[in-house]
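Spelled out from the first residue to the last, the chains are:
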Amino acid sequence: MNETIRLTETIEQEREMISDWVGKIGEHQRVDEMPINILRDVLTSCGADFENLDDEAKKSLSEYSEKDRGFGVRKVWGDEFVNDYKRKVGDFIKEYELETGIELPELVNKKNPDESTKRKNSGMIQFLFDLTSFASGEYNFETYKLITETRVKNGKAWAEGRKEDRIRANTPNSDKPLLISSIPTEFPNKAWVWISSKGK
């Protein structure tokens, strides 16, 4: 009984740590160091399953693009969770644009404009994917920090009308720096509230 209480206290303390950590990502555009075991414990308490990932799933989680990582992320979270998360992102976009009057950037293929999806959710979906890749151990801290800080800095630049200040960065498996899809600074906390609400 006492052991169960101690474990509950520990996971609640760890959840508070992660909540504070995520808060700094949006508020300060800064990713502080976080022990991977604590992040993994907390995400596991929210429904993630990092056990017994096969080589295909690990390879997927080491990639950068949403398409290449989708398989691994769905192995960790399951289809229902990922689909629900994507719907929540869609809700956030509508609310954000309505409340702020700021149109979020669209994904455009400059080489082949006709192939542009013009979707606005890429960076926000990748927020979950980046977190999952880091917690799985397939992204090291330096990679996670670079990509995530770039996402929120680009989101801040866009919101402030400084489109030209958005940053390019190297990503896993890219041979040149890419313009990293952005997330509004308000998004990390909103996403975390939803992710953590799925706790067991």
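Before reading further, recall that the structure is shown in the block above.
My aim in this report is to walk through the structure given alongside it, one point at a time. This one's a predicted model, so the numbers in the text were calculated from it and none came from an experiment.

1. Side note on the overall build of the protein
Thought 1: Regarding its fold elements, the protein presents eight helices and two strands.
Thought 2: Each helix and strand of the protein, placed in order from N terminus to C terminus, yields the pattern α-α-α-α-α-α-α-β-β-α.
Thought 3: Evaluated residue by residue, the protein yields a buried proportion of 44% over its 200 residues.
Thought 4: Of all intrachain contacts in the protein linking residues separated by at least 6 positions in sequence, the fraction that spans at least 24 positions is 67%.
Thought 5: Working note: accessible area of the protein is about 11,100 Å², and carbon and sulfur atoms make up 47% of it.

2. Here's the deal with the nonpolar core
Thought 1: Among the nonpolar cores identified, the biggest contains 49 residues, and Trp 21, Leu 43, Trp 77 and Ile 195 are the most heavily contacted of them.
Thought 2: Put simply, the parts of the chain that give this core at least two residues each are helix 1 (2–28), helix 2 (36–45), helix 3 (55–61), helix 4 (66–77), helix 5 (79–100), helix 6 (122–136), helix 7 (141–159) and helix 8 (187–196).
Thought 3: The greatest single-element share of this core, amounting to eight residues, is contributed by helix 6.
Thought 4: Aside from chain neighbours lying at most four places away, what touches Trp 77 is Leu 43, Cys 46, Gly 47, Ala 48, Val 82, Leu 128, Thr 132 and Ile 195.

3. Overview of the side chain of Thr 150
Thought 1: Topologically, Thr 150 is positioned in helix 7.
Thought 2: For Thr 150, a relative accessible area of 5% gives the class buried.
Thought 3: Apart from residues no more than four positions distant in its own chain, Thr 150 is found in contact with Ile 167, Ala 169 and Ile 180.

4. Some points on a negative patch on the surface
Thought 1: On the surface, Asp 91, Glu 95, Glu 99 and Glu 186 cluster together into a negatively charged patch.
Thought 2: On the secondary structure map, Asp 91 appears in helix 5.
Thought 3: Note on Asp 91: relative accessible area 37%, which makes it partly exposed.

5. What about helix 4?
Thought 1: Taken residue by residue, helix 4 has Glu 66, Arg 69, Gly 70, Gly 72, Val 73, Val 76 and Trp 77 as its buried positions.
Thought 2: Elements in contact with the buried residues of helix 4: helix 2, helix 3, helix 5, helix 6, helix 7 and helix 8.
Thought 3: Backbone geometry just downstream of helix 4 places Gly 78 in the positive-phi region, at approximately 90°.

How each quantity is defined
- Residues numbered from 1 in each chain as written.
- Predicted model: local features only at pLDDT ≥ 70, side-chain atom pairs only at ≥ 80, totals over all residues.
- Heavy atoms only, no water.
- Helix = DSSP H or I, 4+ residues; strand = E, 2+ residues; numbered from the N terminus.
- Buried < 20%, exposed > 50% of the residue type's maximum accessible area, 1.4 Å probe, protein only.
- Contact = heavy atoms within 4.5 Å.
- Areas by Shrake-Rupley, 256 points an atom, 1.4 Å probe, with all protein chains shown as cover.
- Core = buried A, V, L, I, M, F, W, Y, C linked by side-chain atoms within 4.5 Å.
- Patch = residues over 30% accessible without salt bridge, like charges linked within 9 Å, V, L, I, M, F, W, Y side chains within 5 Å.
- Salt bridge = Lys/Arg side-chain N within 4 Å of Asp/Glu carboxyl O.
- Lys, Arg positive; Asp, Glu negative; His and termini not counted.
- Charge placed at Lys NZ, Arg CZ, Asp CG, Glu CD.

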